[in-house]
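What follows is the residue order along each chain.
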Amino acid sequence: MGNHENAGKVWLVGAGCSAGLLTLEGLERLRQAQVVLYDALLDPALLAEIPAGAEAIPVGKRCGHHSLEQASINDLLVKKAREGKRVVRLKGGDSFVLGRGGEELLALQAAGIPYDMVPGVTSAVAVPEHLGIPVTHRGLARSFTVVTGYTRNGDLEDWQALANLQGTLVFLMGLGQLSPICENLLQYGKAPETPVSILCGGYSAEELRLDGTLSTMVEKARGKAFAPAIIVVGPAAAMHLEGEPKDPVMVTGSRSFCHQVAMALEPLGWSVKQAPVLEIEPCTDRLPTSILEASWLVFTSRNGVRLFGRWLRQHSLDHRKLAGCRLASLGEGTADELSRLGFTADLMPETYTVEALGKALARAVAPGERCVLLRAEEGSPDLPRILEKAGVAYEDIPIYRIRPVQRAAVEKMELAPGTLIFGSAKGVHSFFAHYTLVSGTKILCIGPVTAKAVREEGFSEPACATVHSVSGLVRALQEGEKA
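Okay, so let's go over this structure. Small disclaimer: the values here were computed from a predicted structure and weren't measured. (Residues numbered from 1 in each chain as written. Predicted model: local features only at pLDDT ≥ 70, side-chain atom pairs only at ≥ 80, totals over all residues. Heavy atoms only, no water.)

**Comments concerning helix α3 (residues 70–82)**
With 13 residues, α3 ought to run about 18 Å at 1.5 Å a step, and its terminal C-alpha atoms sit 19 Å apart, in line with that. Along α3, the residues classified as buried are Q70, I73, N74, L76, L77, V78, K80 and A81. Looking one or two residues past α3, G84 carries a phi angle of roughly 85°, positive in sign. (Helix = DSSP H or I, 4+ residues; strand = E, 2+ residues; numbered from the N terminus. Expected span 1.5 Å × (residues − 1). Buried < 20%, exposed > 50% of the residue type's maximum accessible area, 1.4 Å probe, protein only.)

**A short note on the packing of α3 against helix α4 (residues 101–111)**
Put simply, α3 and α4 touch, their axes get as near as 9 Å, and they point 45° apart. Considering the angle they form, α3 stands oblique to α4. The element α3 and its partner α4 pack so that their crossing is right-handed. Touching Q70, I73, N74, L77, V78 and R82 of α3 are E103, E104, A107, L108 and A111, all from α4. When the residues that make up the contact of α3 with α4 are grouped by side-chain class, the tally is six nonpolar, two polar and three charged. (Axes fitted to C-alpha atoms, helices over the stretch in contact; angles between N-to-C directions. Parallel < 35°, antiparallel > 145°, perpendicular 65-115°, else oblique. Left-handed = near helix turned anticlockwise from the far one by under 90°. Contact = heavy atoms within 4.5 Å. Nonpolar A, V, L, I, M, F, W, Y, C, P; charged D, E, K, R; others polar.)

**As for the side chain of S301**
Looking at the element boundaries, S301 is found in the loop between β15 (296–299) and α10 (302–314). Polar side-chain contacts of S301 include one of 2.8 Å to the side chain of Y400. Excluding its chain neighbours within four sequence positions, the residues that come into contact with S301 are T334 and Y400. (Polar contact = N/O pair within 3.5 Å; in protein donor to acceptor, adjacent residues only side chain to side chain.)

**Points about the nonpolar core**
Counting residues in each nonpolar core, the largest one holds 65 residues, and the members touching the most others are L185, I291, L297, F308, L374 and F431. Ranked by residues supplied to this core, first place goes to α10 with five residues. Once residues within four sequence positions are removed from consideration, L185 is found in contact with W159, L162, A163, L169, F171, K190, L214 and V233. (Core = buried A, V, L, I, M, F, W, Y, C linked by side-chain atoms within 4.5 Å.)

**Considerations on the sheet that holds strand β22 (residues 442–445)**
Sheet strands line up and pair through hydrogen bonds in the backbone, either parallel or antiparallel. Pairing within the open sheet is mixed, and its nine strands lie in the order β16-β15-β17-β18-β14-β13-β20-β22-β23. At either margin of the open sheet sits one strand with a lone partner, and together these are β16 (326–329) and β23 (463–464). Two elements, strand β13 (residues 249–254) and strand β20 (residues 419–422), share four bridges in a ladder whose sense is parallel. When the bridges of β20 are listed, V249 appears paired with T419. (Pairing = 2+ DSSP bridges.)

**Re the packing of helix α12 (residues 354–364) against helix α13 (residues 382–390)**
Relative orientation and spacing of two packed helices are given, respectively, by the angle between their axes and the distance between those axes. As a packed pair, α12 and α13 sit with axes 9 Å apart at the nearest point and diverge in direction by 25°. As judged from the angle between their axes, α12 and α13 are roughly parallel. The handedness of the crossing between α12 and α13 is right-handed. Across from V354, E355, L357, G358, K359, L361 and A362 in α12, the residues of α13 making contact are D382, L383, I386, L387 and A390. For the contact of α12 with α13, a count of residues per class yields eight nonpolar, one polar and three charged.

Dropping the structure here:
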């Protein structure tokens, strides 16, 4: 590989099937990246590891929904590397297992761009294992074969050769071809009673295992199976090694909130499923540098602080420009995020509600001083109302907006967590637009406004954290276990 003048470097990183399956080397490369091109099927928690000042570009391909064509992805990798950047191409599973990583490296070779590879854990092994199926097992399967269920030009597999194999067949991206797969394997000699499992949404909140045989699977899957799915064929597909049944905690809301809660609970022994239903869309292009001249900057969430920090770095603004500015935080999580930027919150109300924050500001802001509220576009109207009533001068500047995550499925899916955690009223309504819950699910809310939204959705007795923060949610769960 030759070096192009002023070229940066590209790391092709296999991200595995969940944040926990990203290798230590992969995590290190991700945290050092200046540009990240990432796929659609990544665990949302991984996006939280992208450095605040890095450029994050979604390029993922889903069947029928392409963000960028492969040639455009190749060109973008070359372009960003030639800007002298450290570029990470973050790909689900392993980059070389039906991942087209080789095509990207050939493009980099042709352009003379330095690159390196970090292997990932392929879904062909990880998802079956996660759901209790070993792809090899003594006496049942001494080998396994990974097959693509989708080809761009419709090329047919050698079904005779596949049917003759005695090991495990693992089909990726094959749900749309389930009927031809079963029919061809039967036609070329596989026994009708050969076990088949379809594993849907592995490592997600929606994961589902459907079991059958080559003769029954098509009918069993109808109306139940969904993409992304893995089809496992062979004797090992009948095995169930999932371990003891668990009573998992599920958390929903924005991706960052889900990640925060999972990171707080998993070290304490909880099994946590993340079901993000909200996305954060930055609005930092609207921020004028004049906000640094305000008497007070007011933050109501971690998201706002993170985006503010990213804005400072992108515009090379020195922290000393804030020397005459005081900072207000709605709660301890927001204050912790400020401390990560090197700032200390000058004001934080004793109770973490918008009403308490507004009243605290009304007491603290001196006549002639100006507040700038840096928060969500959909922020509560109560904070401006309280400030207006107190005669406090303020500007309400959206630093981000909240959008519902789009799901391909039209029908609502029923989920069965032991406990479901909500962090916002918007998250409540977005969740119930997509999902229903089995009877007996415990619901825990971060605060009273969120609990009110749960009651509006028809649940009469949601629990509520006494302290309205992630740590308050942890304490509420711990107290619930002791009760």
